[in-house]
Amino acid sequence: MAKQVKTIGVLTSGGDAPGMNAAIRAIVRTAIHKGLEVKGIMRGYAGLLQEEIVDMNSTSVSDIIHRGGTVLYTARCQEFTTADGQKKGAEICRKHNIDGIVVIGGDGSFRGAGKLSALGINTIGLPGTIDLDIACTDYTIGFDTAVNTAMEAIDKVRDTSTSHERCSIIEVMGRNAGYIALWCGFANGAEDILLPERYDGDEQALINRIIENRKRGKKHHIIINAEGIGHSSSMAKRIEAATGIETRATILGHMQRGGAPTCKDRVYASIMGAKAVELLCEGKSNRVIGYKHGEFVDFDIQEALSMTKDIPEDQFQISKMLVR
Ligand code: ADP
Ligand code: F6P
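Everything numeric in this text was worked out from a predicted model, so none of it was measured. (Residues numbered from 1 in each chain as written. Chains lettered and ligands numbered in written order. Predicted model: local features only at pLDDT ≥ 70, side-chain atom pairs only at ≥ 80, totals over all residues. Heavy atoms only, no water.)

### Digging into the site of ligand 2
Then comes step 1: Inspection of the region around ligand 2 gives R76, T129, I130, D131, M173, G174, R175, E227, H254 and R257 as its neighbouring residues.
Then comes step 2: Residue R76 places a side-chain N or O atom 2.8 Å away from an oxygen atom belonging to ligand 2.
Then comes step 3: Take G174: an N or O atom from its main chain is 3.1 Å from an oxygen atom of ligand 2.
Then comes step 4: Look at ligand 2: alone it shows 400 Å² of surface, and the protein chains cover 77% of it.
Then comes step 5: Spatially, ligand 2 is embedded in the largest pocket. (Near = heavy atom within 4 Å. Polar contact = N/O pair within 3.5 Å; in protein donor to acceptor, adjacent residues only side chain to side chain. Areas by Shrake-Rupley, 256 points an atom, 1.4 Å probe, with all protein chains shown as cover. 1 Å grid on protein atoms, 1.4 Å probe; cavity = no way out; pocket = protein on both sides within 12 Å on 5 of 7 lines; lining within 4 Å. Sits in = over half its atoms within 2 Å of the grid points.)

See the structure below:
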């Protein structure tokens, strides 16, 4: 028979992402609607181990759906990667009568959730990262906002790049994944898109394209470079030296992680948050919620972590065709 969950906890872990607050709000309100108690665990697994646990009610999550960041704060916690840390975490949950936890974060956070589940605390993971690099899902909380923020910033760089007839390398986040770079490459009409999944390191070919474009009368050359490739500043110096065209590097950085979530991030995060509580109420544990082929679905955590994904090849080919 399904274990009857009475009190649930919620935490955010790893890098923050716009829309996490919408998920927290949905988790708290759905739980209350179902007659459960809810506790907010501050600062991810670090806060769990420090017993930074607060009671939450409906008004604790008022006025947050439109805010970036996470009202529960977030952290990375080395201690929780150890067996002792995980055991301590499960004991603290029991001490606070927490029998279910929703963990909002990325793959690392899901590994931690899997460990808690094995120790008897029912856990559900929600994909929260701007990087879109979680294999079991086509959507992650925060990607839509981050990619729109980056797109708007790149439009601005493009204006000044054109005025000065320069080449610009703009570096976007994504850790080892190129999703933000690919999407911005499309959306900003970039002349070149460098993705860690596909970049062959042929800088001479890049330089040749810049020279060729200039001969064809192009006033700017925008290169979107993914963080996973990096080295934008040194690349800019080499390009300027080789082409004679003034070249600037702009690293967008953490501004991509902040700001008011888009409508999509608010709505999808809310639905995922509500579904996480529904799964806990059904006695489920060790699951991750994802969005696949237009539907919200859930997977076993270990199954989700064993999946892989890559930049869709057809999208990559189209992106290359459109820059010419
Ligand atoms: P993300 O969740 O965004 O992938 P991290 O990889 O930094 O971010 O993981 C967030 C936190 O999850 C880590 O600081 C750690 O506390 C926990 N974590 C990561 N890997 C493990 C693991 N193998 N076992 C237990 N906890 C883990
Ligand atoms: O995972 C989200 C992310 O913003 C990545 O895109 C980036 O590589 C990383 O986090 C940066 O982490 P930090 O905020 O610790 O510098």
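Back to the text.
### Side note on the UniProt feature "domain: Phosphofructokinase" (unreviewed entry) in the chain
Then comes step 1: What UniProt calls "domain: Phosphofructokinase" (unreviewed entry) maps, in this numbering, to residues 8–280.
Then comes step 2: The straight-line gap between the two end C-alpha atoms of residues 8–280 is 8 Å; of that span, 43% is helix and 17% is strand. (UniProt positions renumbered as here; feature names shortened; annotations may be inferred. Helix = DSSP H or I, 4+ residues; strand = E, 2+ residues; numbered from the N terminus.)

### Topic: a nonpolar patch on the surface
Then comes step 1: The grouping of F186, I318, M321 and L322 at the surface amounts to a nonpolar patch, some 400 Å² of accessible area in total.
Then comes step 2: Here F186 falls in the partly exposed class, since its relative accessible area comes to 33%. (Patch = residues over 30% accessible without salt bridge, like charges linked within 9 Å, V, L, I, M, F, W, Y side chains within 5 Å. Salt bridge = Lys/Arg side-chain N within 4 Å of Asp/Glu carboxyl O. Buried < 20%, exposed > 50% of the residue type's maximum accessible area, 1.4 Å probe, protein only.)

### Re the UniProt feature "binding site: ATP" (unreviewed entry) in the chain
Then comes step 1: With numbering aligned to this structure, UniProt lists the feature "binding site: ATP" (unreviewed entry) at G15, R76, C77, G106, D107, G108 and S109. A maximum C-alpha distance of 13.9 Å places the annotated residues, which cover 95 residues in sequence, within one compact spot. Those annotated residues from the list above that line the largest pocket are G15, R76, C77, G106, D107, G108 and S109.
Then comes step 2: Note on placement: G106 falls in the loop between strand 4 (100–105) and helix 4 (107–118).

### Focus: the packing of aromatic side chains
Then comes step 1: This model, assessed by the stated rule, comprises six aromatic pairs.
Then comes step 2: Between the aromatic rings of Y268 and F296, the centroid separation amounts to 5.4 Å while the plane-to-plane angle is 75 degrees, which identifies the pairing as edge-to-face. One end of the pair, Y268, is in helix 9 (residues 263–281); the other, F296, is in strand 11 (residues 295–300), with 28 residues separating them in the sequence.
Then comes step 3: The class for F296 is partly exposed, based on a relative accessible area of 22%.
Then comes step 4: In textbook terms, an aromatic cluster arises when at least three aromatic residues are bridged by ring pairs, as seen for Y139, Y268, Y291 and F296.
Then comes step 5: Over the face of the ring belonging to F316 we find R198, whose NZ or CZ atom lies 5.3 Å from the ring centre. (Phe/Tyr/Trp six-rings, centres within 6.5 Å; stacked < 30°, edge-to-face > 60°. Lys NZ or Arg CZ within 6 Å of the ring centre and 35° of its normal.)

### What to know about the side chain of S232
Then comes step 1: Here S232 shows up in helix 8 (residues 232–243).
Then comes step 2: Assessed through its relative accessible area of 1%, S232 is described here as buried.
Then comes step 3: Leaving out residues up to four positions away in the same chain, S232 has contacts with I169, E171, N225 and A249. (Contact = heavy atoms within 4.5 Å.)

### Describing the site of ligand 1
Then comes step 1: Lining the immediate surroundings of ligand 1 are 15 residues, of which R76, C77, G106, G108 and S109 lie closest.
Then comes step 2: Within the contact set of ligand 1, an oxygen atom lies 2.4 Å away from a side-chain nitrogen or oxygen of S109.
Then comes step 3: Here ligand 1 has 550 Å² of accessible area as a free molecule, and 79% of this is covered by the chains.
Then comes step 4: If you map ligand 1 onto the pockets, it falls in the largest pocket.
Then comes step 5: For the shell around ligand 1, the leading source of residues is helix 4, giving six residues.
Then comes step 6: Per-class residue counts for the shell around ligand 1 are three nonpolar, eight polar and four charged. (Nonpolar A, V, L, I, M, F, W, Y, C, P; charged D, E, K, R; others polar.)

### Considering the nonpolar core
Then comes step 1: Residues I8, I104, L126, I180 and I224 are the most contacted members of the largest nonpolar core, which totals 60 residues.
Then comes step 2: Not counting residues within four places of it along the chain, the set of residues in contact with I104 comprises V10, L11, T12, S13, M20, A23, I24, I27, L126, G128 and I141.
Then comes step 3: Counting residues in each nonpolar core, the second largest holds 24 residues, with I41, Y45, C93 and F110 among its members. (Core = buried A, V, L, I, M, F, W, Y, C linked by side-chain atoms within 4.5 Å.)

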